[in-house]
Amino acid sequence: MTRTLPPGITVTARVPASSANLGPGFDSLGIALGLHDEIVVRTTESGLTIRVEGEGADDVPWGPSHLVVRAIERGLEAAGVWADGLDVVCRNVIPHSRGLGSSAAAVVGGLAAGRGLAAEFDPGLACDNAELVQLASEFEGHPDNAAASVLGGIVVSWTETDHPADIGADGVGDHHARTYRAVRLDPHPTLCATVLIPEDRSSTAHTRGLLPELVPHGDAAFNASRAALAVVALTQRPDLLLPATADRLHQGYRASALPLTTAWITRLRSAGIAATVSGAGPTVLALSVGEFPAELRELAAADGLRVVTPAISDGVRVD
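Residues numbered from 1 in each chain as written. Predicted model: local features only at pLDDT ≥ 70, side-chain atom pairs only at ≥ 80, totals over all residues. Heavy atoms only, no water.

Undergrad: Could you give me a rundown of the overall build of the protein chain, with the residues and numbers involved?
TA: Scanning the protein chain for helices and strands turns up 10 helices and 13 strands. Computed over its C-alpha atoms, the radius of gyration of the protein chain comes to 20 Å, within 12% of the 20 Å expected for a compact globule of 319 residues. Along the first, second and third principal axes, the C-alpha atoms of the protein chain reach 60 × 50 × 35 Å. Looking at the protein chain as a whole, 50% of its 319 residues are labelled buried. (Helix = DSSP H or I, 4+ residues; strand = E, 2+ residues; numbered from the N terminus. Rg over C-alpha atoms; globule rule 2.2 N^0.38 Å. Buried < 20%, exposed > 50% of the residue type's maximum accessible area, 1.4 Å probe, protein only.)

In structure tokens form, the structure reads like this:
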């Protein structure tokens, strides 16, 4: 039986951005980045109030259809509780539609806040990371960004179904139950991330639509080897980052839609810096040892790119 939460319970969820793919690890590799959205939720007597500050404040609905609100409600439902009223404040830092996992962060933050409210009411309703990855990935359809925002660090994620032969080209089965899984890897202590963020936005649906249904066997084999190498490079051998982040499965097909992104990836890789498209773009993710070169930072700024060097972050935190 669903139990109703009393008014006056408050939690705050702090959730990091993420970058997916990291070159060859399409829909499987991800990294959590220290750009954090904050969600403050309080139970009330009735109704819904929501306020959005910062990124996306003028672009997202301030009502029940807001992604954070839907995620909070899903988190409450999964815990078997409900709230007659909610007051929600979203303080957004993660850029929207730039390939930095803003929607995954909204989902993870909302779910974590919902489960946090439930746990404040009854500690036995606390949610573990595996369940949070599952719930968040059900929203997203794949676990790479969501798992990074949940677990932090570097993640390797995958999808299972109850009938493996049903897994299609997009990695999921359409007619069978899906289980989303992920493991966290600790990055090498010298690993640094830099993101070059354009003003222009990108549609994940559009850029994913540019990908072919079939790819050459040689390209698939290439990416399998480089994704395996990426795990080694990111955690143990950062000197291998450049070859480990090479890709033949998705970036080339999206290049025409991301000309500035593609030009900067070429420039950085020519300079020996492991650069990739961050998720579906248009942000560029650069992975290196040591500081991002000042001269490249100045050139990027001149091209209208915002250069940010976030820490590699831990996962979502609820207080």
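What follows picks up the thread again.
Undergrad: Any chance you could break down unusual backbone geometry for me, citing the residues and the numbers?
TA: Here Gly281 and Pro282 are connected by a cis peptide whose omega angle stands at 5 degrees. Of note in this structure, Asp27 is not a glycine but carries a positive phi near 60 degrees. Structurally, the position occupied by Asp27 is in the loop between β2 (10-20) and β3 (29-44). The class of Asp27 is buried, set by a relative accessible area of 13%. Its identity as a non-glycine residue notwithstanding, Ser97 has a phi of 55 degrees, on the positive side. Here Ser97 is to be found in the loop between β6 (85-92) and α2 (102-121).

Undergrad: Pulling in residues and values, what's your account of the pattern of salt bridges?
TA: Summed over all chains, the structure comprises 12 salt bridges. Of the charged contacts in the structure, one is a salt bridge between Arg115 and Glu131, with a shortest N-O distance of 2.7 Å. Of this pair, Arg115 sits in helix α2 while Glu131 sits in helix α3 (residues 129-140), and the two are 16 residues apart along the sequence. Ionic pairing is found between Arg317 and Asp319, a salt bridge with its closest N-O pair at 3.1 Å. Judged by relative accessible area, Arg317 falls into the partly exposed class, the value being 46%. A residue is classified by how much of its surface remains accessible, and Asp319, at 53% relative accessible area, is exposed. (Salt bridge = Lys/Arg side-chain N within 4 Å of Asp/Glu carboxyl O.)

Undergrad: Break down helix α4 (residues 144-151) for me, with residues and values.
TA: Counting buried positions along α4 gives 8 out of 8 residues, so the element sits mostly inside the fold. Taken together, the buried residues of α4 touch β2, β3, α2, α3, β7 (154-161) and β8 (178-185). Following α4 by one or two positions, Gly152 has its phi on the positive side, about 75 degrees. (Contact = heavy atoms within 4.5 Å.)

Undergrad: Help me get a handle on helix α9 (residues 259-270), residues and values and all.
TA: Under the 1.5 Å per step criterion, the end-to-end length of α9 is 16 Å for 12 residues, consistent within 8% with the ideal 16 Å. Looking at the buried side of α9, the elements it contacts are β9 (191-197), β10 (274-277), β11 (284-289) and α10 (294-302). Downstream of α9 by one or two residues, Gly272 has phi in the positive range, about 85 degrees. (Expected span 1.5 Å × (residues − 1).)

Undergrad: Outline the sheet that holds β9, listing residues and values.
TA: Taken together, the 4 strands give an open sheet; going across it, the order is β10-β11-β9-β12, and neighbouring strands pair in antiparallel fashion. Each edge of the sheet is formed by a strand with only one pairing partner; in this case those strands are β10 and β12 (306-308). Taking the axes of each pair of neighbouring strands and ignoring which way they run, one obtains an average angle of 20 degrees across the sheet. (Pairing = 2+ DSSP bridges. Axes fitted to C-alpha atoms, helices over the stretch in contact; angles between N-to-C directions.)

Undergrad: Could you give an account of the environment of Thr309, naming the residues involved and the relevant values?
TA: Counting through the fold element by element, Thr309 comes out in the loop between β12 and β13 (317-318). Each C-alpha atom of the pair Thr309 and Gly209 lies 30 Å from the other, and the pair is 100 residues apart in sequence. If sequence neighbours within four positions are ignored, Thr309 has contacts with Ala193, Thr194 and Arg297. A distance of 3.2 Å separates the side chain of Thr309 from the side chain of Arg297, its partner in a polar contact. (Polar contact = N/O pair within 3.5 Å; in protein donor to acceptor, adjacent residues only side chain to side chain.)

Undergrad: Describe the packing of helix α1 (residues 67-79) against α2, with residues and values.
TA: Running from N to C, α1 and α2 point in directions that differ by 40 degrees, and their axes come no closer than 7 Å. If you check the angle between α1 and α2, you find them oblique. For the element pair α1 and α2, the recorded crossing hand is right-handed. Each of Leu67, Val68, Ala71, Ile72, Arg74, Gly75, Leu76, Ala78 and Ala79 in α1 lies in contact with α2, whose residues at this interface are Ser103, Ala106, Val107, Gly110, Leu111, Ala113, Gly114, Arg115, Leu117 and Ala118. Residue composition of the contact of α1 with α2, by class: 13 nonpolar, 4 polar and 2 charged. (Parallel < 35°, antiparallel > 145°, perpendicular 65-115°, else oblique. Left-handed = near helix turned anticlockwise from the far one by under 90°. Nonpolar A, V, L, I, M, F, W, Y, C, P; charged D, E, K, R; others polar.)

Undergrad: Quick rundown of the nonpolar core? Include the residues and the values.
TA: With 40 residues, the main nonpolar core has Leu234 and Leu287 as its most contacted residues. Residues contacting Leu287, with those up to four places away along its chain left out, are Ile31, Leu191, Cys192, Ala193, Leu234, Leu241, Ile273 and Ala274. Core analysis: the next-biggest nonpolar cluster, separate from the first, contains 24 residues, Ala13, Val41, Ile50 and Ile72 among them. (Core = buried A, V, L, I, M, F, W, Y, C linked by side-chain atoms within 4.5 Å.)

Undergrad: Give me the lowdown on the packing of α2 against α3, citing residues and values where you can.
TA: One can describe the packing of α2 onto α3 by two numbers: an axis separation of 9 Å at closest approach and a directional angle of 135 degrees. The pairing of α2 with α3 is recorded here as oblique in orientation. Between α2 and α3 lies a crossing of right-handed hand. Across the interface between the two elements, Ser103, Ala104, Val107, Val108, Leu111, Ala112 and Arg115 of α2 pack against Glu131, Leu132, Leu135, Ala136, Phe139 and Glu140 of α3. Among the residues forming the contact of α2 with α3, the class breakdown is 9 nonpolar, 1 polar and 3 charged.

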